[in-house]
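Next come the chains, spelled out residue by residue.
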Amino acid sequence: MTPRHLFLRVAMRTVGLLSDGIRLGFREGFDSGSMVDYVYRARASGITPLGRLIDRSMLRHPVWAGVRARRELLIGQLRAALVATGTAAPALFDMAAGPGSYLFALPPGELWAADIDPDEVRRGEARAARDGRSDIRFVVADAFDPATWPRRRFDVLVASGFFDILVDGRDVERVLDAGTAASGPGTRWVFTVMERHPDLALLRDVLVDFDGRPWEAVTRSADEVLALAASRGWGLERLEREGRGYFAVATMVRR
């Protein structure tokens, strides 16, 4: 660990805890759906003015700004994918949604949001009830096991931020296999990837993941995922990158 990372580790676990976002990250994981939703909201909050200042600085980090830009691309591609299916009532399934805040930006429909963490599912259910969105249904399910999914087939699949936390490339293939098993010709799959990061070692040395372990994140090109998906019958329909070059959002279609 570099001296800089050691300093940041100590600082974030002491004075940094005045920031609501940093405190949430250490409690739920900096890669958790709850943390990502906090970043999406982009409203600095903390204990004392110093805590709010720290929180604001954290939220302004270029990677978190890229995450917010990724969200806008994701929503745009999800809206387009729902229309492109040509189905009057397309069924959408987000296999690792967390609280799934971006789903609330979609028009009403059959929207399924899954997560393996029951706490994240409960948070999503609470917001759906609060917002009167009975069409968004949250379920506990395993992204690797389509037998746990609420339907056998879907018209639109979603994997947002999921490929970034799969360190083992074989897990990416397992997810692709699961999604392929739950799709048919014309199914769209919208996914995001983190193609670049300024300091992955900092994530590992300073921050924690949703299991409370050092955050091991990976970068993958969209082309890498697309190549693996092509052998399973998927083709690229749309690819966009946010302006900072950290994240890509792509839509694939099952041939």
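Overview of the structure. Because the structure is predicted, anything quoted here is derived from the model rather than measured.

Further remarks concern the pattern of salt bridges. Scanning all chains against the criterion turns up 23 salt bridges. With its nearest N and O atoms 3.5 Å apart, the salt bridge here joins R204 to D205. Exposure remark for R204: the relative accessible area of 35% places this residue in the partly exposed category. Note on D205: relative accessible area 11%, which makes it buried.

What follows is about the environment of A126. Tracing the backbone through its elements, the reader meets A126 in helix α6 (residues 118-131). Relative accessible area serves as the criterion here: at 39%, A126 is assigned to the partly exposed category. Remark: the alpha-carbon pair of A126 and I54, spanning 72 residues in sequence, is separated by 29 Å.

What follows deals with the side chain of Q77. Assignment of secondary structure puts Q77 in helix α5 (residues 62-84). Aside from chain neighbours lying at most four places away, what touches Q77 is V190, R238, E240, V249, A250 and T251.

The next point concerns the packing of aromatic side chains. Within this structure, the stated rule accounts for 8 aromatic pairs. Ring geometry for F93 and W149: centres 4.7 Å apart, planes at 40 degrees, overall tilted. Linking F93 in strand β1 (residues 91-94) with W149 in the loop between β3 (136-140) and β4 (156-159), this pair joins segments that are 56 residues apart in sequence. Residue W149 is classed as buried on the basis of its relative accessible area, which comes to 6%. Each ring, one from F163 and one from F191, has its centre 5.7 Å from the other, and the planes form 75 degrees; the classification is edge-to-face.

A cluster of nonpolar side chains, namely M1, L6 and V10, defines an oily patch on the protein surface of about 300 Å² accessible area. One can find V10 in helix α1 (residues 3-12). Assessed through its relative accessible area of 48%, V10 is described here as partly exposed.

About the criteria used
Residues numbered from 1 in each chain as written. Predicted model: local features only at pLDDT ≥ 70, side-chain atom pairs only at ≥ 80, totals over all residues. Heavy atoms only, no water. Salt bridge = Lys/Arg side-chain N within 4 Å of Asp/Glu carboxyl O. Buried < 20%, exposed > 50% of the residue type's maximum accessible area, 1.4 Å probe, protein only. Helix = DSSP H or I, 4+ residues; strand = E, 2+ residues; numbered from the N terminus. Contact = heavy atoms within 4.5 Å. Phe/Tyr/Trp six-rings, centres within 6.5 Å; stacked < 30°, edge-to-face > 60°. Patch = residues over 30% accessible without salt bridge, like charges linked within 9 Å, V, L, I, M, F, W, Y side chains within 5 Å. Areas by Shrake-Rupley, 256 points an atom, 1.4 Å probe, with all protein chains shown as cover.

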